2 protein chains.
Amino acid sequence: MVKFKTVRGMRDLLPDEARAMRYVEGVARDLAESYGYEEVITPVVESYELLSAKVGEEIRKRMYAFIDLGRRKVALRPEFTASIARLVVATLRNKPKPLRLFCIGSLYRYDEPQLGRYREFWQSNYELIGSKEPEADMEVLALTDELLRRLRIRGYQFKVGHVGILRGILEQEGIKEVEQNYVMQLLDKKDYVKALEFVKSLGVSERCVEALKGAFEARGDRPLDALKPFKALLKGYDAALLALDNLMDVLNLASESGLKLNVFVEAGFARGLEYYTGMIFEPFVPELNVALGGGGRYDRLIELFGGEPTPAVGVAHGIDRIVLAMRKQGILPMVKERLSVAVVPIDEGLKALAFKVASALREAGARVEVEILGRSVSRALQDADRRGLVYAVLIAPDELRSGEVVLRDMRKREQRTVKLEDLTKEVGLA
Amino acid sequence: MVKFKTVRGMRDLLPDEARAMRYVEGVARDLAESYGYEEVITPVVESYELLSAKVGEEIRKRMYAFIDLGRRKVALRPEFTASIARLVVATLRNKPKPLRLFCIGSLYRYDEPQLGRYREFWQSNYELIGSKEPEADMEVLALTDELLRRLRIRGYQFKVGHVGILRGILEQEGIKEVEQNYVMQLLDKKDYVKALEFVKSLGVSERCVEALKGAFEARGDRPLDALKPFKALLKGYDAALLALDNLMDVLNLASESGLKLNVFVEAGFARGLEYYTGMIFEPFVPELNVALGGGGRYDRLIELFGGEPTPAVGVAHGIDRIVLAMRKQGILPMVKERLSVAVVPIDEGLKALAFKVASALREAGARVEVEILGRSVSRALQDADRRGLVYAVLIAPDELRSGEVVLRDMRKREQRTVKLEDLTKEVGLA
C-alpha cells in the first residue's frame, strides 16, 4: 500500500519531464550569457516582509508563509524580483550600473492546481538595473523573443501595456495607491466592469471614466493605430500622456530594430505585481491560451527597499508553461543520447574486471550499466534489451584467456569476440 | 538604508559562486548520465510525516516544518532519499529493477550557521534501487570517487563502516530500535563514552561491552588489518558477523577492481540518518576536515513506505562543501568566457541599428552589451573598460555612410573602421 504521496499541488518530474526542464534551463542560461546577464542564486526562504511588500494582494494571500524555529516570519519566494532588489540594495549597491542579473529556480504559490499550474514552479528571470531608457525595455523584450525563438516556439505574441497610463489617470484624480492597486488587481483578472464601477464609486470625473473606457478599448495588433485615437482622450492627464509616449517609444524602437515582434498592445493591460511603474508585457501563445512569462519596468522598488533611486526592468519566463507549450507543439528536442552499454560478468570472479571495463568505456563517452543483480547472462541480456541499450559486453573466462570479451549488438542480435584492448574502438568510440 | 537582508543562515550566491555551483552541478549531471542514472525532480515541499519518518532525531528537530494553507503539516526536504523512496513506491513501482535515479537541488536544515554550512544547501544525489549485491555498494563508492576525481579534488579518503555491525550486536542483546537509534546518534557525534555508558545502563552483557569497544577501536587505513582482529570479538553475534563479512566483500571488490579507493575503515562509524541498514560511507578531506557527502545502504525504507521489500543504496554529495574544498585547493576552473563586446550607438537615431548589430554578434557567439544608458561615447568606453570587455563597436553617422563602424580593441586601446558586414570576422568569430 502506498503510504506517502506528493503534497497536493506539488509534483515529481519524471526523467522525460526533467530532461525537458533542464533543456530549457540550459537555453535560458546560454541566452543570459550572450546578453551579459550574470547568474546569481538567491534563497528560496526569505523574510515575509520582503516578499509581501509589493507583490500584490492576489499573490500575497497565497504565499507559503510560516514562522521558522528562530521565530522569524518567513515565506517561500513567490517570484524573484523582490530578492533581486534586496540583493542590489544590500550587496551590489556600489557596483557600476547597468547591472544585468540572471537567476533561475523554483517558486511557490498556493494556487488552485490545474493543467500546467502547480504550487511549485520554475522560472528563468532576467533583471536589467540602472537604465530608464526605452532601450532597456526593448532589451528585455528582445531577449524574451530570442529565448522563444531559440526554443522554436511558434505563434507567440507579446501582449504589451504600460502601468503608467492607468495609474497616471487615477493618480491625477486623487485616488490613493491602495485603491489604485485594487483597480489593477481587477483589471489583471479582466474584470473591466467591476473596475469601472469601483472607480465611479470613488466619485471621479466623467472625463476620467471616458479615459479609462478608452484605455480598455485601445488594443490591437497594430499598436500605433490602436493607441493614436486613445491619445486624444488623455488630454490634460500629463503623467498618463508621458506614459503613453514612453510606450510608443519602446514599440517604435522594437519595430525599427528589425525585431519583428508580434505585438498586441493593450492600454488597459495590468499585471498582479504591484511594483510595476512602466511598460509591462507578457509573451502569450493564443493558440494554447497560455502566457509564457511576464515582465515590466519597476523604477521605484529599489528605492523602496532602501537603495538609491534606480530605474529597472525585468522579465520572468515560466519554464513549466514553456515545456507544456513545446510539448503541445511537438517541438521538445530529442536529446542526443550517449552510446549505451551493459557490462555483464558471467561469473563471480569477474566482477572486479567488469568495473574496470565499464570505467574505460565511460571514459570514452559511453553510458555504462554494470550488471549488479548477479543475474544469469540471458536474464541480463533480456533486461538490457528492454532498456534499449545498444551493446552488451559479456566477460567470460574462456574468451578472457585469450584477452577477449564477447561484444553483442543488441539491435542486430549478433555477437562476436573482440580484443579487450580494442573494445572502445569496436563500439565506435575510439 | 538597507531595509531587508537574507534570513539568518540563508545566503545569496554572487556570480563567481553561482558559476562554481553550476560547474559542479554540470559535472555531477554528466557523471549521472555516464553511469545510467536518470534525473528526476522532486518537490522541495513534502509531507512532514514522510520526511520525518526515518531521518533521525538530529535532523528531524531541525526541519523547516509548517502548516500550509490547506492545513497540511508539511516541511522543506532536509535530504533526498525519503522523496526518492516515495517516488519509487508511488510511481515507479512497476519499473524493472535496478533503477538508477539522479537528482540535484536545494535542501533545508535549521543548523547553526558556520563556514560552509548554511540552512539552505545543495546536494547531488544518486540512488541505486533493487540490488542487494556488494557490486551495488561498490558502484556508489565508484561514482563518488569518479565525481571527486573529475573535479580534481585532492587528498580525499573514504570513511567506511557498516550499520549492521553495531545494530547486530545491540539487536542480539535485545535492545529496542529506539534505543539503538539513540546509540547511533551518540556515535554519529563521536561520543563513544556516553554511548557505552548508555548501553551499560541497559544491562547488557560484559561480552557486548567488549564487542562495542572493539568496534570503536577497529579503525584504520588498512581495512582488512583493522577488521580481522575485531572479528574474533563478534563470535556468537551472527548478524554482526554477516555485516562484517559484507563490509569486507565490498572493500575487497573495491580493491580488486583497480579503483584505488583511499579507504579509512571504522567499524564503529555511524551516520545520523536512521534508514541505513548496511554499508555506510563518507568521502572526507582530512586536510580540510570536511566531509563532502555521505551515503549507504537502506534495504528496508521502500518496504516501510509501502512498497515491495527492495534493497537500495545511495549517496549524496554536498555541493557547497565541494565548492569550498575546490576553492581552498585552488582548483575552481576558469570558465572560458565568450568574447565580450560593447555596442555603442553615438546618436539617438542609431539605437535600432545597435540592436541589429548586437544580435548578429550574439548569433556568432559573442556576449554583447548594448549601451542602454544613453551615455557619451567616452563614458560608455570607460565603463566597457572597467567591465573588462574585449571590444567596443561604435556606430556613428559618418562611418555609417560608407557602410562602416568603428571597432575598438579595448585592451590595445586601438581603433579602426571596418565594414559592417565584416564585423563578426573582424572580431574573430566568423
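Residues numbered from 1 in each chain as written. Chains lettered and ligands numbered in written order. Predicted model: local features only at pLDDT ≥ 70, side-chain atom pairs only at ≥ 80, totals over all residues. Heavy atoms only, no water.

Caption draft 1: Seen up close, the overall build of chain A. If you tally the helices and strands in chain A, you get 17 helices and 18 strands. The C-alpha radius of gyration computed for chain A amounts to 28 Å, which surpasses the reference 22 Å derived for 430 residues by more than 25%, pointing to a less compact arrangement than a globule. With the principal axes as the frame, chain A shows a C-alpha extent of 95 × 55 × 45 Å. Burial status across chain A gives 61% buried among its 430 residues. A separation threshold of at least 6 residues defines the contact pool for chain A, and within that pool the share at least 24 residues apart is 67%. Carbon together with sulfur atoms contributes 49% to the accessible area of chain A, which is approximately 17,600 Å² in total. Charged side chains in chain A number 67 positive and 64 negative. The centres of these two groups are separated by 3 Å. (Helix = DSSP H or I, 4+ residues; strand = E, 2+ residues; numbered from the N terminus. Rg over C-alpha atoms; globule rule 2.2 N^0.38 Å. Buried < 20%, exposed > 50% of the residue type's maximum accessible area, 1.4 Å probe, protein only. Contact = heavy atoms within 4.5 Å. Areas by Shrake-Rupley, 256 points an atom, 1.4 Å probe, with all protein chains shown as cover. Lys, Arg positive; Asp, Glu negative; His and termini not counted. Charge placed at Lys NZ, Arg CZ, Asp CG, Glu CD.)

Caption draft 2: Expanded view of the interface of chain A and chain B. Between chain A and chain B, the residue contacts involve 100 residues of the former and 100 residues of the latter. The junction of chain A with chain B conceals about 8,600 Å² of combined surface from both sides, 59% of it contributed by carbon and sulfur atoms. The largest contributions to the chain A side of the interface with chain B come from Phe4, Ile41 and Ile372 of chain A, which together make up 10% of the buried area. The interface formed by chain A and chain B contains 15 salt bridges. Put simply, Glu38 of chain A and Arg19 of chain B hold a salt bridge, and the shortest N to O gap is 2.9 Å. Between chain A and chain B we count 41 residue pairs in polar contact (both at pLDDT 80 or more) in total. The residue inventory of the side of chain A that touches chain B, partitioned by class, reads 47 nonpolar, 13 polar and 40 charged. (Buried area = accessible area lost by both parts, 1.4 Å probe. Salt bridge = Lys/Arg side-chain N within 4 Å of Asp/Glu carboxyl O. Polar contact = N/O pair within 3.5 Å; in protein donor to acceptor, adjacent residues only side chain to side chain. Nonpolar A, V, L, I, M, F, W, Y, C, P; charged D, E, K, R; others polar.)

Caption draft 3: Representation of the environment of Ala195 of chain A. Residues and elements named next belong to chain A. Looking at where Ala195 falls in the secondary structure, it is placed in helix α8 (residues 192–201). On the basis of relative accessibility, which here comes to 1%, the residue Ala195 falls in the buried class. The contact partners of Ala195, leaving out residues within four places of it in the chain, are Val183, Leu186 and Leu187.

Caption draft 4: Broad picture of the domain arrangement of chain A. Structurally, chain A comprises domain 1 (15–329) and domain 2 (340–426). Between the C-alpha centres of domain 1 of chain A and domain 2 of chain A there is a distance of 54 Å. (Domains from an automatic or database assignment.)

Caption draft 5: Inspection of the relation of the copies chain A and chain B at higher detail. For the pair chain A and chain B, the superposition axis carries a translation of 0.0 Å, the fit reaches an RMSD of 0.1 Å, and the rotation angle comes to 180 degrees. Both chain copies can therefore be described as sitting about a two-fold axis. Within chain A, Phe66 of chain A has its C-alpha nearest the rotation axis, a separation of 3.1 Å. (Least-squares fit on C-alpha atoms with pLDDT ≥ 70 in both.)

Caption draft 6: View of the sheet that holds strand β4 (residues 73–76) of chain A. All names here are of chain A. Here 3 strands make up an open sheet; going across it, the order is β2-β4-β3 and the pairing antiparallel. Two strands in the sheet have a free side with no partner beyond their single neighbour: β2 (45–47) and β3 (65–67). Going from strand to strand, the sheet's axes swing by 40 degrees on average, the running direction of each strand aside. For β3 and β4, the ladder comprises 3 bridges, and the chain directions are antiparallel. (Pairing = 2+ DSSP bridges. Axes fitted to C-alpha atoms, helices over the stretch in contact; angles between N-to-C directions.)

Caption draft 7: Representation of the pairing of strand β13 (residues 312–318) of chain B. Residue and element names in this part refer to chain B. Within β13, 7 of the 7 residues are buried, which leaves the element mostly enclosed by the surrounding structure. Side chains of β13 alternate between two faces, with Ala312, Gly314, Ala316 and Gly318 and Val313, Val315 and His317 buried alike. Relative to β13, strand β6 (residues 120–129) runs antiparallel, the two being bridged by 7 bridges. Looking at β13, one finds that Asn125 is bridged to Ala316. Relative to β13, strand β12 (residues 293–297) is paired through 5 bridges, and the arrangement is antiparallel. Bridging across to β13, Gly293 finds its partner in His317.

Caption draft 8: Region of interest: the sheet that holds strand β3 (residues 65–67) of chain B. Residues and elements named next belong to chain B. Across the sheet, 3 strands lie side by side as β2-β4-β3; this open sheet has antiparallel pairing. Unpaired on one side and paired on the other, β2 (45–47) and β3 mark the two borders of the sheet. On average, adjacent strands in this sheet sit at an angle of 40 degrees to one another, irrespective of strand direction.

Caption draft 9: Here's a closer look at the environment of Val55 of chain B. Residues and elements named next belong to chain B. Along the chain, the position of Val55 falls in the loop between α2 (48–52) and α3 (57–60). By relative accessible area, which is 1% here, Val55 ends up buried. Once the C-alpha coordinates of Val55 and Leu273 are considered, the two residues, 218 residues apart in sequence, prove to be 4.8 Å apart.

Caption draft 10: Representation of unusual backbone geometry. All names here are of chain A. The residue after Lys97, namely Pro98, is reached through a cis peptide bond having omega -5 degrees. Inspection of the secondary structure puts Pro98 in the loop between α4 (81–90) and β5 (99–108). Phi at Arg152 is positive, roughly 70 degrees, even though this residue is not glycine. Along the chain, the position of Arg152 falls in the loop between α5 (134–150) and β7 (157–162).

Caption draft 11: Expanded view of helix α7 (residues 177–188) of chain B. Residue and element names in this part refer to chain B. An ideal rise of 1.5 Å per residue puts 16 Å on 12 residues; α7 measures up with 16 Å between its terminal C-alpha atoms. Among the residues making up α7, those that are buried are Gln180, Asn181, Val183, Met184, Gln185, Leu186 and Leu187. Looking at the packing, one finds that the buried side of α7 touches α3, α6 (163–172), α8 (192–201) and α9 (206–217). Two residues or fewer after α7 comes Lys190, characterised by a positive phi angle close to 65 degrees. (Expected span 1.5 Å × (residues − 1).)

Caption draft 12: Just the nonpolar core, in detail. Ranked by internal contacts, the top residues of the largest apolar core, which has 122 residues, are Ile153 and Leu234 of chain A. Among the elements that line this core, the one with the most residues is helix α11 (residues 238–256) of chain A, at 10 residues. Discounting residues that sit within four places of it in the chain, Leu234 of chain A has contacts with Ile165, Ile169, Ala211, Ala240, Leu241 and Leu244 of chain A. Judged by nonpolar contacts, the second largest core, of 121 residues, contains Phe80, Phe102, Tyr275 and Ile280 of chain B. (Core = buried A, V, L, I, M, F, W, Y, C linked by side-chain atoms within 4.5 Å.)

Caption draft 13: Expanded view of the pattern of salt bridges. Inspection of the entire model under this criterion finds 94 salt bridges over all chains. Here Arg22 of chain B and Glu39 of chain A are joined by a salt bridge, their closest N and O atoms 2.7 Å apart. With one member in each of two chains, Arg22 of chain B in helix α1 (residues 15–34) and Glu39 of chain A in strand β1 (residues 38–39) form a pair that bridges those chains. The network of salt bridges with common partners includes Arg100 and Glu139 of chain A together with Glu337, Arg367, Glu369, Glu371, Arg375, Asp383, Arg386 and Arg387 of chain B.

Caption draft 14: Structural view of the packing of aromatic side chains. Inspection of the entire model under this criterion finds 23 aromatic pairs over all chains. Summarising the aromatic geometry, the rings of Phe305 of chain A and Phe4 of chain B are spaced 4.9 Å apart at their centres and angled 75 degrees between planes, so their arrangement reads as edge-to-face. Residue Phe305 of chain A is found in the loop between α12 (301–304) and β13 (312–318), and its partner Phe4 of chain B is found in the segment before α1; the two belong to separate chains. Of the two residues, Phe305 of chain A and Phe4 of chain B, neither departs from the other in class, the shared state being buried. (Phe/Tyr/Trp six-rings, centres within 6.5 Å; stacked < 30°, edge-to-face > 60°.)

Caption draft 15: Focus on the pairing of β6 of chain B. Residue and element names in this part refer to chain B. Buried residues dominate β6, accounting for 10 of its 10 residues. Here β6 shows two buried faces, one formed by Glu120, Trp122, Ser124, Tyr126 and Leu128 and the other by Phe121, Gln123, Asn125, Glu127 and Ile129. Summarising the sheet, strand β5 (residues 99–108) and β6 pair through 10 bridges and their orientation is antiparallel. Note on β6: the bridge partner recorded for Leu101 is Glu127.

Caption draft 16: Main features of the packing of α1 of chain B against helix α13 (residues 319–328) of chain B. Residue and element names in this part refer to chain B. α13 packs onto α1 with a crossing angle of 110 degrees between their chain directions and a minimal axis gap of 10 Å. The angle between the axes of α1 and α13 places the two elements in the roughly perpendicular class. In this structure, α1 crosses over α13, and the sense of that crossing is right-handed. On α13, the residues that touch Glu17, Ala20, Met21, Tyr23 and Val24 of α1 are Ile319, Ile322, Val323, Met326 and Arg327. Split by residue class, the contact of α1 with α13 holds 8 nonpolar, no polar and 2 charged. (Parallel < 35°, antiparallel > 145°, perpendicular 65-115°, else oblique. Left-handed = near helix turned anticlockwise from the far one by under 90°.)

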